[in-house]
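Structural overview for review
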Amino acid sequence: MKITYPHMGEVYIAVKGMFDDLGIKSIIAPFTTENILKIGAQESPEYVCLPFKITLGNYIKSLEAGADTVVITGSCGPCRFGYYGPLQKEILKDMGYDVDFIIIDPPKEGVPKFINNIKKLSGGKGIKALKALYNAYNVCVEIDKLNEIQYYVRPRTKDKTIVNNIMYNFRKKVLDTNGTSDIISLIKITYEKLLALPIDNNIEPVKIGIIGEIYTIIEPFSNLNVEEKLGNMGAHVHRSMTIKGWAENNLIKPMTARKSYKAEKTLAKPYIPFLIGVHTQQCIGHAINYSLQKYDGLVQIYPMTCMPEIVSRTILSQVEKDYNIPILYLVVDELTGESGYQTRLEAFYDYVKYRRTKILYS
Ligand code: SF4
């Protein structure tokens, strides 16, 4: 079995580590490019959301490199994600690929089923599989710390290209590691490098929170590297959803009978008191939480035709007024042009900066 999985930001790092620990070889697709998206989009239904097209492109590249099994998580929530695996499998079969899909439903769909799936994937090594899963979670914890450091350092250091190069090299070097402990060592070396850079602690950058649809805020290709772009301009960014957060809320909490996204759901309740699919409530909760933490602005990113985030978008207009926080709305698909996107980010950054200065000195 030669396993592959889709790219979604740092997910490949934790998943590769987990499979390495289990002695299972991963075939990691090349990082997504315009061409890979084009290949995926050509084979996808026109109006399906962007993550479907990108991940299909990832699978095609992995299958060309020799993978025969795709591993993804499943979902039965009221959005298209639950159809991704079955539909992508059919498309790939029509294209002539002999591929198997292992779709792992999260524990909220049944803890014994989840554990059985993990056991199956690891060839029945029950305890070893749970240990590898736990190690992969620790990788996610370290990745979150690394991101927090880069968010802090980038706006406060003069030469931002050094930060960007350190992060770029890290993502490439991970491909040569073997196992979670190797990865954690590499992460620690990387944050030492970032922390060694000269920074000006007197700089008080504007703070911008990134909210929206989970895939498009985590996968840098799909959001045209929004974190790096805003950081290069001088903003301290923070991303509301991370793979560690996803793992805690979708794997750990359901297994220990605790409630997922409790704080976000409570904050969102006056606007949307029930679950309508995926992360709508969380998006609203994150927006409110960032404004309570005195962030200067928010950027909501979501794919065109994404039903849950279109609902969030509508509600956020009211949150913007109620909490007096500016929000930039970015809709992404395969036709999104980089220069228009960059201009909108620059204009938003300038506005948020000007607005803060005005508030401070009024
Ligand atoms: S949340 Fe939106 S983008 Fe993500 S799978 Fe569902 S419909 Fe598609």
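Up top is the structure these notes are about.
Summarised in this report is the structure supplied together with it. As the structure is a computational prediction, the values presented were derived from the model and not from experiment.

1. Notes on the overall build of the protein chain
In terms of regular secondary structure, the protein chain is built from 15 helices and seven strands. The C-alpha atoms of the protein chain give 20 Å as radius of gyration, which agrees with the globular expectation for 362 residues (21 Å, within 12%). Across its three principal directions, the C-alpha atoms of the protein chain cover 65 × 45 × 40 Å. The buried share of the protein chain, taken over its 362 residues, is 44%.

2. What to know about the site of the ligand
Around the ligand sit 13 residues, and of these Cys 49, Cys 79, Phe 81, Val 278 and Cys 306 come closest. Here the shell around the ligand takes three residues from helix H14 (residues 307-323), the largest share from any one element. Here the shell around the ligand is built from residues that sort into ten nonpolar, no polar and three charged.

3. Considerations on the nonpolar core
Soluble globular proteins tend to bury their nonpolar side chains together. Ranked by internal contacts, the top residues of the largest apolar core, which has 87 residues, are Ala 14, Val 15, Ile 208, Leu 230, Ala 287 and Leu 298. If one sorts the elements of this core by residue count, helix H6 (residues 126-156) sits on top with nine residues. Not counting residues within four places of it along the chain, the set of residues in contact with Val 15 comprises Tyr 5 and Ala 136.

4. Concerning the sheet that holds strand S5 (residues 236-239)
The strand order S5-S4-S6-S7 describes an open sheet built from four strands, whose pairing is parallel. Looking at which strands have only one partner, the edges of the open sheet turn out to be S5 and strand S7 (327-332). Put simply, the sheet's adjacent strands are angled 20° from each other on average, direction ignored. Each of strand S4 (207-212) and strand S6 (297-303) is contacted by helix H13 (residues 280-292), which is oriented at about 170° to S4, the strand it contacts most.

5. What about helix H15 (residues 338-361)?
Since the α-helix advances by 3.6 residues per turn, residues separated by three or four positions end up pointing in the same direction. The end-to-end C-alpha distance of H15 is 35 Å, a good match for the 34 Å that 24 residues give at a rise of 1.5 Å each. Three or more residues of H15 are buried, namely Leu 345, Phe 348, Tyr 349 and Val 352. In this fold, the buried residues of H15 make contact with S4, helix H10 (226-233), S6 and S7.

6. Section: unusual backbone geometry
Despite not being glycine, Thr 305 shows a phi value in the positive range, around 70°. Along the polypeptide, Thr 305 turns up in the loop between S6 and H14. One non-glycine residue, Asn 324, lies in the positive phi region at around 55°. Take Asn 324: there are 10 C-beta atoms within 10 Å of it, and that puts it in the exposed class.

7. With respect to the pairing of strand S2 (residues 69-73)
The pairing of strand S1 (residues 3-4) with S2 spans two bridges and is classified as parallel. Bridging from a neighbouring strand, Thr 4 pairs with Val 70 of S2. Pairing of S2 with strand S3 (residues 100-104) involves five bridges; the strand directions are parallel. By the bridge assignment for S3, Thr 69 is matched with Asp 100.

8. A closer look at the sheet that holds S1
Reading across from one edge, S1-S2-S3 is the order of the three strands in this open sheet, with parallel pairing throughout. For this open sheet the edge positions go to S1 and S3, each flanked by a neighbour on one side alone.

9. Quick word on the pairing of S7
In this structure, S6 lies alongside S7, joined through six bridges in parallel fashion. Note that in S7 the partner of Gln 300 across the bridge is Tyr 329. The β-α-β motif built from S6, the intervening H14 and the parallel element S7 has right-handed crossover chirality.

10. Quick word on the environment of Asn 35
Along the chain, the position of Asn 35 falls in helix H2 (residues 34-43). Sequence separation of Asn 35 and His 286 is 251 residues, and the distance between their C-alpha atoms is 33 Å.

11. Describing the environment of Ile 189
Note on placement: Ile 189 falls in helix H8 (residues 180-195). Using a count of 12 C-beta atoms within 10 Å as the deciding quantity, one classes Ile 189 as exposed. Taking the C-alpha atoms as reference points, Ile 189 and Phe 170, 19 residues apart in sequence, are found 9.3 Å from one another.

12. Points about the packing of H6 against helix H7 (residues 160-173)
A pair of packed helices is characterised by two quantities: the angle between their axes and the separation of those axes. Running from N to C, H6 and H7 cross one another at 155°; their axes reach a closest spacing of 8 Å. On the basis of their axis angle, the class for H6 and H7 is roughly antiparallel. As for the relative orientation of H6 and H7, their crossing is left-handed in sense. Facing Gln 150, Val 153 and Arg 154 of H6, the residues of H7 in contact are Lys 160, Val 163 and Met 167. Here the contact of H6 with H7 is composed, by residue class, of three nonpolar, one polar and two charged.

13. Overview of the environment of Arg 80
If you trace the backbone, Arg 80 turns up in the loop between S2 and helix H4 (81-94). By C-beta crowding, Arg 80 is classed as buried, having 22 other C-beta atoms within 10 Å. Setting aside anything within four residues of it in sequence, one finds Arg 80 in contact with Val 48, Cys 49 and Phe 52.

About the cut-offs
- Along each chain, numbering runs from 1 in the same order as the chain's sequence is written.
- In view of the model being predicted, local features appear only for residues whose pLDDT reaches at least 70, and side-chain atom pairs are presented and counted only at 80 or more, with totals across whole chains, interfaces and linings using the full set of residues.
- To qualify as a helix, a DSSP run of H or I must reach at least 4 residues; to qualify as a strand, a run of E must reach at least 2; elements of each kind are numbered from the N terminus.
- Each radius of gyration is computed over the set of C-alpha atoms, and the globule rule expresses the reference value as 2.2 Å times the number of residues to the power 0.38.
- Whether a residue is buried, exposed or partly exposed is read from the other C-beta atoms within 10 Å of its own C-beta, which are placed from the backbone; 20 or more gives buried, 12 or fewer gives exposed, and intermediate counts give partly exposed.
- Each residue receives a C-beta atom built from its backbone; the residue is near a molecule or strand if that atom lies within 6 Å of it.
- Charged means Asp, Glu, Lys or Arg here, nonpolar means Ala, Val, Leu, Ile, Met, Phe, Trp, Tyr, Cys or Pro, and polar covers whatever is left, Gly included.
- We define the nonpolar core as any set of buried residues of the types Ala, Val, Leu, Ile, Met, Phe, Trp, Tyr and Cys, connected via C-beta atoms lying within 7 Å of each other.
- It is the C-beta atoms, placed from the backbone, that decide contacts: two residues are in contact if theirs lie within 7 Å.
- Pairing between strands is defined by DSSP: at least two bridges between the two strands are required.
- Between N-to-C directions, angles cover 0 to 180 degrees, with each direction set by a line fitted to C-alpha atoms, over the stretch in contact for helices.
- Helix span, as expected, comes to 1.5 Å for every residue beyond the first.
- Seen with its strands pointing away from the viewer, a crossover is right-handed if its path from the first strand over the helix to the second goes clockwise.
- Here the angle decides the label: under 35 degrees means roughly parallel, over 145 means roughly antiparallel, 65 to 115 means roughly perpendicular, and every other value means oblique.
- Throughout, a crossing is termed right-handed when the near helix is turned clockwise from the far one, and left-handed when it is turned anticlockwise from it by less than a right angle.

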